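Structural characterization, general
So you can see what is in the structure, the chains are spelled out below.
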Amino acid sequence: MGFTAPERPKHSRFRTVAGITLPEVIIAAAVLALFIVASVSAMAQINRWASVARMRTMALAATQQKIDQILMTSWSVLDPTPAILTAGTTTENNLPLNYDTFNSTESNLVSAWTSLDTPVNLTRVTTITSITAHQVSAVVTVSYTYRGKAYTVSMTTLRTTDDF
Amino acid sequence: MHRTRHAFTFTEMMVALSVFATVSMGLFTFTATSLRLVGRNLATNHTHENMRISDQELLYNLHASASPYVLITYNGTTYADATATATTDVDAYTQQNISNRTNGVRFRLAAGGPYQLTASTTSASTSLTFNFAVGSTVPYVPEVGDKVVLPLLSSAFDILAVTQTPSTGSPTGTVTISAPLGFAVNTTTTGNVTTGYFYREVAYTVYNNQLRYHANYTGSNQGNYVIVRDDVTSPNPFALLFVPGAPASTGLNLRLSLEFYDIDYYSARNYKNGTVTLQAVIPPRAQPPDVSQTNSM
């Protein structure tokens, strides 16, 4: 009574596995490096956008402040037109955008983190156009340069005399 | 099992190790840089959000102010009025002199009205009765310390007592005012409609790095507040503006200098975090304001 051992499968678990070649590794590393560079660039860009958006909010506040001044200045039909509502263009240079000078110079105003960011200045241009003797339009434009790029925010309003 | 297996050569090992080390260092640097960039982004967006929401909230309520602004101080225990005094500091936006800075401001907001006066008065009357119903509700209930303004008389009065509190079931309410009305008002004749508007004192304070809103800054209610935003690091952000040379401020231009900082991402590595200072000058939108007296109760 003979015994025949079963034939060993041709594809055993000890099959030959090819290694990863150096060129394959280099290509994989290059792809990874490209991914890393792209990711870091994207995150840095997102951070720039976040900072730009924050600056824009402050620029809007500076613009809104001038609009408020234009809207709330007393202007009676019986009085001469206030200076701020006289037709023409007014330019204000070097206004602080993201900092308050006094906060870093006066002891009761300074905090532990005052002036951590780089101060940015703005230029505010107000153009008043006379529509009628009792009505003007105003365009307030705030412009500033941040990280080498120019930005502009603008608001428009109408204003009439307080009385008729 | 008779399979030939080669060991790695020393050169292969060195190359593999070098590649592994380079990739590991790259991944580590990438991870560290990513964490730093993400942290910075969160900080920037956090301060931006704090600033934007604070600005919107302040603009909304300060524009709606029905009275001049009054500076107040809070030292952790006591709220007190502060006298505004002009300094030599000049506000860059308005070219007006900035007052002493404080960590609070109070003013009045419209709380209810117009409500119809429902009981006739004499000139000596110090008691006013109104119908506080709005449809089937009573959205405003007068309190001691509120002010009532009667546009017909162009007069404002402090409310010293609420002798009949209005409710949904009984919307008629009666208040005691601080001085005789000074006019006889007939409410019974058909067509006579006399109304009153009610104003409540509110306040903003900054304390413990929080911008706080006091929806009822009257008497014992002063200490009740809601936090508008945190991470506000300006110790004294509020001031009034003085026209150059003027002895007193109109109290109609509130200057804000709110510094926001994201403390959460600060570290010993001096990561540059989100710090920003919002400057604004906000006037009431209705001028002259409905309530000219700035007394507090």
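The written sequence of each chain sets the order in which its residues are numbered from 1. Each chain gets a letter, beginning with A, and each ligand a number, beginning with 1, in the order they are written. Reporting in this predicted model follows two pLDDT cut-offs: at least 70 for local features of residues, and 80 or more for side-chain atom pairs to be given and counted; totals over whole chains, interfaces and linings ignore these cut-offs and use all residues.

Quick look at the overall build of chain A now. For chain A, the helix and strand inventory stands at one helix and four strands. To sort residues by exposure, count the other C-beta atoms lying within 10 Å of each residue's C-beta; 20 or more gives buried, 12 or fewer gives exposed, and values between give partly exposed, all with C-beta atoms placed from the backbone. Looking at chain A as a whole, 21% of its 164 residues qualify as buried. A sequence separation of at least 24 residues applies to 58% of the contacts in chain A between residues at least 6 apart. Labels follow the DSSP assignment, with helices taken as runs of H or I lasting at least four residues and strands as runs of E lasting at least two, numbered in each case from the N terminus. Each residue gets a C-beta atom placed from its backbone, and two residues are in contact if those atoms lie within 7 Å.

What follows is about the sheet that holds strand β14 (residues 254–261) of chain B. All names here are of chain B. Pairing is antiparallel across the open sheet formed by five strands, whose spatial order is β3-β4-β13-β14-β15. At either margin of the open sheet sits one strand with a lone partner, and together these are β3 (86–90) and β15 (275–282). Averaged over all adjacent pairs, the angle separating strand axes in this sheet is 35°, with direction ignored. Examined bridge by bridge, strand β13 (residues 238–242) and β14 share three bridges and lie antiparallel to one another. When the bridges of β14 are listed, A239 appears paired with R255. For two strands to be treated as a pair, DSSP must find no fewer than two bridges joining them. An axis is simply a line fitted to the C-alpha atoms; with a helix, the fit covers only the stretch in contact. Between two such axes, the angle follows the N-to-C directions and lies from 0 to 180 degrees.

We now examine the nonpolar core. The biggest cluster of nonpolar side chains holds 51 residues, and the ones touching the most others in it are M58, A59 and A62 of chain A together with V105, L254, L256 and L278 of chain B. The dominant element in this core, judged by the number of residues it contributes, is helix α1 (residues 22–72) of chain A, at six residues. Contact partners of A62 of chain A, with chain neighbours within four places excluded, come to L95, L97, L122, R124 and V142 of chain A together with Y93 of chain B. Residues Y115, F130, V149 and I177 of chain B belong to the second largest nonpolar core, which totals 19 residues. Any set of buried Ala, Val, Leu, Ile, Met, Phe, Trp, Tyr and Cys residues joined through C-beta atoms within 7 Å is what this text calls a nonpolar core.

Residue and element names in this part refer to chain A. Note on placement: T90 falls in strand β1 (residues 88–96). You can call T90 partly exposed: it has 14 C-beta atoms within 10 Å. A C-alpha to C-alpha distance of 6.4 Å links T90 and T127, two positions 37 residues apart in sequence.

Residues and elements named next belong to chain A. Across the sheet, which stays open at both edges, the four strands sit in the order β1-β2-β3-β4 with antiparallel pairing between neighbours. In this open sheet, the two strands that pair with only one neighbour each are β1 and β4 (149–160). Each strand of the sheet is rotated relative to its neighbour by a mean of 15°, with strand direction disregarded. Running over the sheet, α1 touches β1, β2 (121–132), β3 (135–146) and β4 and is turned about 25° from β4.

Between chain B and chain A, the residue contacts involve 43 residues of the former and 39 residues of the latter. Among the elements of the structure, α1 (10–63), β14 and β15 of chain B are those that each provide at least two residues to the side of chain B that touches chain A. Ten residues, namely Ala, Val, Leu, Ile, Met, Phe, Trp, Tyr, Cys and Pro, are considered nonpolar, four, namely Asp, Glu, Lys and Arg, are considered charged, and the remaining ones, Gly among them, are considered polar. In the side of chain B that touches chain A, the residues fall into 17 nonpolar, 18 polar and eight charged.

Here we take up the domain arrangement of chain B. All names here are of chain B. Each assigned domain of chain B is listed here: domain 1 (42–107 + 203–282) and domain 2 (109–199). Marked domain ranges trace back to an automatic or database domain assignment. With centres defined by C-alpha atoms, the gap from domain 1 to domain 2 works out at 33 Å. Contact with domain 1, which involves six residues of that partner, is made by six residues of domain 2. Looking at the side of domain 1 that touches domain 2 residue by residue, the class counts come to two nonpolar, four polar and no charged.

This part covers unusual backbone geometry. Residue and element names in this part refer to chain B. Geometrically, the link from G113 to P114 is a cis peptide bond, its omega value of 5° lying close to zero. With omega at -5°, the peptide bond leading from Q287 into P288 counts as cis. Mapped onto the elements, P288 comes out in the segment after β15. Notably, S154 is not glycine yet its phi reads approximately 50°, a positive angle. Mapped onto the secondary structure, S154 falls in the loop between β7 (147–150) and β8 (155–164). Positive phi values are uncommon outside glycine, yet N208 reaches one of about 55°. By the secondary structure assignment, N208 is in the loop between β10 (195–207) and β11 (210–214). By the C-beta count within 10 Å, which is 11 here, N208 ends up exposed.

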